[in-house]
Amino acid sequence: MLRKILVACDGSLQSEKALIAAIEDCMAEDSELHVVHIMNIKKFSAIESESSYDGVESPHDISRKFLEKNRDETVNMIDRVCRERDMIYTLHVKGGDPRHEIIDLAAETGADLIVMGSTGKGLGSRILLGSVSAYVSVHSPVSALIVK
């Protein structure tokens, strides 16, 4: 029986589908739902310096605002989906590499299952960039459900 389910949400349509699938298909009456959003700071690692022009936002400020906007939109989506289904959940917002943060949080919460969306990346992108869902499914000590 699944007692604790961890769902990773990045704000994409696939992650919303994963959250819905976890709630509707995987949850038992006595299960706990943990939902994590990871602010992937590495997406902006190419931006290394800040501008110092008066009145002009620095690349650092722009990336910070983008991450905060994505976080807010994702948290709102999570709340809407869970509220519509009368689901109580624990929200975790973290920063870092999603691959490692998801696996670490699964261990920390004692999750029995990790549910996440497929990114839909092609083979070339997976080879060059890696896929969070592929990494988690291979390295997780618990089962992982990848929702398309």
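This one's a predicted model, so the numbers in the text were calculated from it and none came from an experiment.

Criteria and thresholds
- Residues numbered from 1 in each chain as written.
- Predicted model: local features only at pLDDT ≥ 70, side-chain atom pairs only at ≥ 80, totals over all residues.
- Heavy atoms only, no water.
- Helix = DSSP H or I, 4+ residues; strand = E, 2+ residues; numbered from the N terminus.
- Contact = heavy atoms within 4.5 Å.
- Expected span 1.5 Å × (residues − 1).
- Buried < 20%, exposed > 50% of the residue type's maximum accessible area, 1.4 Å probe, protein only.
- Polar contact = N/O pair within 3.5 Å; in protein donor to acceptor, adjacent residues only side chain to side chain.
- Core = buried A, V, L, I, M, F, W, Y, C linked by side-chain atoms within 4.5 Å.
- Pairing = 2+ DSSP bridges.
- Right-handed = clockwise from strand over helix to strand, strands pointing away.

Draft legend 1. Examining the environment of M1 more closely. Along the chain, the position of M1 falls in the segment before β1 (4–8). Between the C-alpha atoms of M1 and M27, which are 26 residues apart in sequence, the distance is 9.4 Å. Sequence-distant contacts of M1, that is, excluding residues within four places in its chain, are made with D30 and D112.

Draft legend 2. Fine view of helix α2 (residues 59–84). Taking 1.5 Å as the rise per residue, α2 with 26 residues should run 38 Å; its terminal C-alpha atoms sit 37 Å apart, in good agreement. Of all the residues in α2, the buried ones are S63, L67, T74, M77, I78, V81 and C82. Contact partners of the buried residues in α2: α1 (13–26), β2 (32–39) and β3 (90–95). Just past α2, the residue D86 takes up positive phi, approximately 50°.

Draft legend 3. Structural detail: the side chain of T109. Inspection of the secondary structure assignment puts T109 in helix α3 (residues 98–109). On the accessibility criterion, T109 (9% relative accessible area) is buried. Separated by 3.4 Å, the side chain of T109 and the backbone oxygen of A106 make a polar contact. Beyond its immediate stretch of four places on either side in the chain, T109 contacts K4, H34 and H92.

Draft legend 4. Quick peek at the nonpolar core. Ranked by size, the top nonpolar core spans 19 residues in total, and within it I5, V7, C9, L19, L33, I78 and V115 carry the most contacts. Contributing elements (two or more residues each) for this core: β1, α1, β2, α2 and β4 (113–117). The biggest single contributor to this core is α1, with six residues. Those residues in contact with I78, other than ones at most four positions away along the chain, are C9, L19, V35, Y89 and L91.

Draft legend 5. Expanded view of unusual backbone geometry. In the Ramachandran plot, D86 falls in the positive-phi region, its phi being about 50° despite a non-glycine side chain. With respect to the helices and strands, D86 occurs in the loop between α2 and β3.

Draft legend 6. Main features of the pairing of β1. Of all five residues that make up β1, four are buried, and the element is covered over most of its length. Where β1 and β2 come together, five bridges link them in parallel fashion. Bridging from a neighbouring strand, K4 pairs with E32 of β2. One crossover worth recording links β1 to the parallel β2 by way of α1, and it is right-handed. When β1 meets β4, the two strands line up parallel, connected through four bridges. Along β4, the bridge assignment pairs A8 with M116.

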